[in-house]
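Here's the letter readout for the chains.
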Amino acid sequence: MKDDKQIIGSRQLAVGSILTSIFCILASFICYGQVEKGSMLIKNGTVLTITKGTLEQTDILVKDGKIVQVGKSIAAPAGVKVIDASGLFVMPGIIDAHSHIGLDAINEGTNAITPEVHVSDAINPTQISIYRALAGGCTSSHAMHGSANSIGGQCQTIKHRYGTLDQEAMKMEGAPRTIKFALGENPTTHGRRDGTQPQSRMGVEFVIREAFSQAKEYKEAWEKYNANKLVKGFRGTPPTYSLRLETLAEILKGNIIIHCHSYRADEINMMLNVCKDFGIKRITFQHVNEGFKVAPELAAAGAMASVFSDWWQYKLEVYYSTAYNAAILVKNGVVTSINSDDAGMIRNLYHQAGKTQKYGSLSDDEALSLITINPAKQLGIENRVGSIEVGKDGDFAIFKNHPLSIYGVPQYSIVDGLVRFDRAKDNNDMRVWTDPKETIDIPTIHKSYAHDKDNCLQDVDMELADLFNDKK
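No experiment lies behind these values; they were computed from the predicted model shown. (Residues numbered from 1 in each chain as written. Predicted model: local features only at pLDDT ≥ 70, side-chain atom pairs only at ≥ 80, totals over all residues. Heavy atoms only, no water.)

Scanning the protein chain from N- to C-terminus turns up 15 helices and 16 strands. Counting over 472 residues, the protein chain shows a buried share of 53%. Sequence separation of at least 24 residues holds for 71% of the intrachain contacts in the protein chain that already meet a minimum separation of 6. Total accessible area computed for the protein chain in this model is approximately 21,100 Å², and 53% of it derives from carbon and sulfur atoms. (Helix = DSSP H or I, 4+ residues; strand = E, 2+ residues; numbered from the N terminus. Buried < 20%, exposed > 50% of the residue type's maximum accessible area, 1.4 Å probe, protein only. Contact = heavy atoms within 4.5 Å. Areas by Shrake-Rupley, 256 points an atom, 1.4 Å probe, with all protein chains shown as cover.)

Shown next as structure tokens:
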């Protein structure tokens, strides 16, 4: 039998264990999703602010992840890291408005509309593609659902905080909600494969209109219920909750930005009419290869465009385009960005932007806007990133030679005031978790049947390959 001291000691031990467990649980909650931020001084760089011109031999002071001062001869606070940017070019961190890196799943293709799913549930912070994007000066990207269905899942704007193992920390806190829509061959091919709607371009329009009509009824039913329940004596029941319709209703309210996969001008016009009929103001068209045909209409509607620089003819609906597409859109007043939709091209978006100077003679600021402030506007994060201004996030890409020069080479990529890529330490950093000899993580099935279209059909490619091989 235990004596009193033994019993008391056991109780104390048990209480200590419980308190330790509670502390660990609380600590894990506190740390979960916490974003690491840093302070630094960048000295004597040629600063390409994008919105306020080019500043020679200028310093940038970042405190706790935010730009607090831009000027000359700024003294370094004690203990703050200093980067000597003499002879180097400092620009805002590059932003890719259309990417699929950092995700373990792209398409939920079980229905023509799946707005209830969210790619934020599939973020993988350890993907080497994130580090490779940083090596190209890209500090943020729009991790998108695919285009297998007319209304796809919700997307997630991420910061390339490579080094964290916390998928929550990859999310750009406060970034507006976005969602993927798709027109044309991708959703209709999917429909024909499954024997479901849509199987034609007119079917795509019907699916979208029908979904918005149902969401409108759902939204009105909830508004009516919420108003009635304030009336004394009301005894009604609430409408049945639907995450699918709830998400679509948020689009109608203007709380979610549509990013719509599209190529042909007639389809872009169709979608503009749908948005007009349902009062939707916030839409960015993705790919937009025939955007140059409807640039005035896009500008008049306030719609934005995210395009490739000079990539087309990889499938029938992308047969007609021009390398002048981005410049024509810009000159017509459309907020335009150049995207990658590719784990390889995301590493050289500065070269892609530079092509608009050959094809369209855009100025330096106009060309760099295509990969900085303009994609920031399309994602609703222009108050945080996309230019170098006091109060914005400390996200930068530092280049040897001008970033629009063919000789431009990224030296540092900085996110929230922390160096996430340092060219001088590249050999060590890239080996953190991954075999550096691993090929870029594009699904190998693409190569197996010479599939070279956009990457928006990832995850459903295996099934399409089966069709080609007569296995279904």
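What follows concerns unusual backbone geometry. Backbone torsion omega between Gln197 and Pro198 reads 5°, so that peptide bond is classified as cis. Mapped onto the elements of the fold, Pro198 is located in the loop between helix H4 (185-194) and helix H5 (201-228). Phi is positive for Asn401, which is not a glycine, with a value near 75°.

So, about the packing of H5 against helix H6 (residues 243-252). When two helices pack together, their arrangement is captured by the angle between the axes and the distance separating the axes. Direction vectors running N to C along H5 and H6 enclose 90°, while the axes themselves pass 8 Å from each other. Considering their axes alone, H5 and H6 lie roughly perpendicular with respect to each other. The residues of H6 that touch H5, namely those facing Ala211, Phe212, Gln214, Ala215, Lys216, Tyr218 and Lys219, are Leu245, Glu246, Leu248, Ala249, Ile251 and Leu252. For the contact of H5 with H6, the residue count by class is 9 nonpolar, 1 polar and 3 charged. (Axes fitted to C-alpha atoms, helices over the stretch in contact; angles between N-to-C directions. Parallel < 35°, antiparallel > 145°, perpendicular 65-115°, else oblique. Nonpolar A, V, L, I, M, F, W, Y, C, P; charged D, E, K, R; others polar.)

Structurally, Ser387 is set in the loop between helix H12 (373-379) and strand S14 (396-400). For Ser387, the residues in contact, after removing those within four places along its chain, are Thr49, Ile50, Thr51, Pro92, Ile373 and Lys392. In terms of polar contacts, Ser387 uses its side chain to reach the side chain of Glu389, at 2.5 Å. Engagement of the side chain of Ser387 in a polar contact is seen with the side chain of Lys392, the distance being 2.6 Å. (Polar contact = N/O pair within 3.5 Å; in protein donor to acceptor, adjacent residues only side chain to side chain.)

Relative to the helices and strands, Asp416 resides in the loop between strand S15 (409-415) and strand S16 (418-422). Since its relative accessible area comes to 1%, Asp416 is described here as buried. If near-sequence neighbours (up to four positions away) are discounted, Asp416 is found in contact with Val35, Glu36, Lys37, Gly38, Gly65, Lys159, Arg161, Asp393, Gly394 and Asp395.

So, about the pattern of salt bridges. Evaluated as defined, the whole model comprises 26 salt bridges. Asp59 serves as the salt-bridge partner of Lys43, at 3.0 Å between the closest nitrogen and oxygen. With Lys43 in strand S1 (residues 40-48) and Asp59 in strand S2 (residues 54-63), this pair connects stretches of sequence that are 16 residues apart. Residue classification places Asp59 among the buried residues on the basis of a relative accessible area of 0%. When the shortest N-O distance is used, the salt bridge between Glu173 and Arg384 registers 3.5 Å. (Salt bridge = Lys/Arg side-chain N within 4 Å of Asp/Glu carboxyl O.)

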